[in-house]
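Read off the chains here:
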Amino acid sequence: KIIKFDLNGSFGDMVANLKFTNSSTGKTGNTVYNNDMVAGQPCSYTVIDLDYDGENELIIEYNLDGDRLIIHRIGQAYYGYYVSYRGMTDLKSNGVFSGSNGASSVVVAYFNSFSETDFEVCVFIEIDDSENIYFCEGRYVSRNEAWCMYEDVMNNEDMPWYRVA
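Notes on the structure follow.

Grouped together as the largest cluster of nonpolar side chains are 15 residues, with contacts concentrated most on Leu50, Ile59, Ile70, Met88, Leu91 and Phe111. Breaking this core down by element, the ones donating at least two residues are β9 (77-83) and β11 (105-114). When residues no more than four places from it in sequence are discounted, the contact partners of Phe111 are Leu50, Asp51, Tyr52, Ile70, Val83, Met88, Phe97, Phe119, Glu120 and Val121. Val106, Tyr134, Tyr150 and Val153 belong to the second-largest nonpolar core, a separate cluster that totals 13 residues.

Before going further, it helps to spend a moment on the pattern of salt bridges. Side chains carrying opposite charge are able to pair once their charged atoms draw close together. Per the counting criterion, the structure on display carries 5 salt bridges. Measuring nitrogen to oxygen at the nearest pair gives 2.4 Å for the salt bridge that ties Asp158 to Lys92. Separated by 66 residues along the polypeptide, Asp158 in the loop between α2 (143-154) and β15 (162-163) and Lys92 in the loop between β9 and β10 (97-102) bring together distant segments of the chain. Using a relative accessible area of 45% as the deciding quantity, one classes Asp158 as partly exposed. In this structure Lys92 comes out as buried when scored by relative accessible area, which is 6%. Measuring nitrogen to oxygen at the nearest pair gives 2.9 Å for the salt bridge that ties Arg139 to Glu145. On the basis of relative accessibility, which here comes to 34%, the residue Glu145 falls in the partly exposed class.

What follows covers the pairing of strand β13 (residues 133-136). Of the two faces of β13, the one lined by Tyr134 and Cys136 is fully buried and the one lined by Ile133 and Phe135 carries no buried residue. Of the strand pairs in this sheet, strand β12 (residues 119-128) and β13 are connected by 4 bridges, and their pairing is antiparallel. Within β13, the residue paired with Ile127 across the bridge is Tyr134. Counted between consecutive antiparallel strands, the loop separating β12 from β13 contains 4 residues, among which Asn132 sits at a positive phi close to 55°. Note that β13 and strand β14 (residues 139-140) share 2 bridges and pair antiparallel. Pairing of Cys136 across the sheet is with Arg139, part of β14.

Another point: the side chain of Asp49. As for its position among the elements, Asp49 is in the loop between β6 (42-48) and β7 (57-62). One buried charged residue, Asp49, forms no salt bridge at all, with the nearest opposite charge on Arg73 at 11 Å. A polar atom in the side chain of Asp49 sits 3.0 Å from the backbone nitrogen of Tyr52. Here the side chain of Asp49 touches Gly54 through a polar contact of 2.8 Å, landing on its backbone nitrogen. Non-local contacts of Asp49, meaning those with residues more than four positions away in its chain, are made with Gly54, Glu55, Asn56 and Glu57.

What counts and what doesn't
- Residues numbered from 1 in each chain as written.
- Predicted model: local features only at pLDDT ≥ 70, side-chain atom pairs only at ≥ 80, totals over all residues.
- Heavy atoms only, no water.
- Core = buried A, V, L, I, M, F, W, Y, C linked by side-chain atoms within 4.5 Å.
- Buried < 20%, exposed > 50% of the residue type's maximum accessible area, 1.4 Å probe, protein only.
- Helix = DSSP H or I, 4+ residues; strand = E, 2+ residues; numbered from the N terminus.
- Contact = heavy atoms within 4.5 Å.
- Salt bridge = Lys/Arg side-chain N within 4 Å of Asp/Glu carboxyl O.
- Pairing = 2+ DSSP bridges.
- Lys, Arg positive; Asp, Glu negative; His and termini not counted.
- Polar contact = N/O pair within 3.5 Å; in protein donor to acceptor, adjacent residues only side chain to side chain.

Rendered as structure tokens:
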């Protein structure tokens, strides 16, 4: 679900004082709702150019279980893109992140683009030990090669996260 809103002030102030408008109900508040799931109050944030377009996105982490909201500007409007905790973990300084569908699967990806209604993710490593799927950079590889590539990519520097006061 895409949430549209305005931002003012420094990043820390923005995060602490965000007001969201639910496009379905018209209600405004400081809690994010996505598919009837409450993400909670913001606890930390980071700033990075996720889609390599020269403009930074603001990523907010919420305190219930690490759900994230990515804030991206299109023209003069700001849009929020909800990503569940498992959908985006281990964010690296180069914009690459890992995600998971369960205990035996992992993907490594980056954001390719954002629009007013959606975002596009490019998955370049997919590992699923339960299904014996090992896919890297457009081709199937051995289990060992996939895990070596995963370790190499995830060895990049972590993004710093800042606490919300």
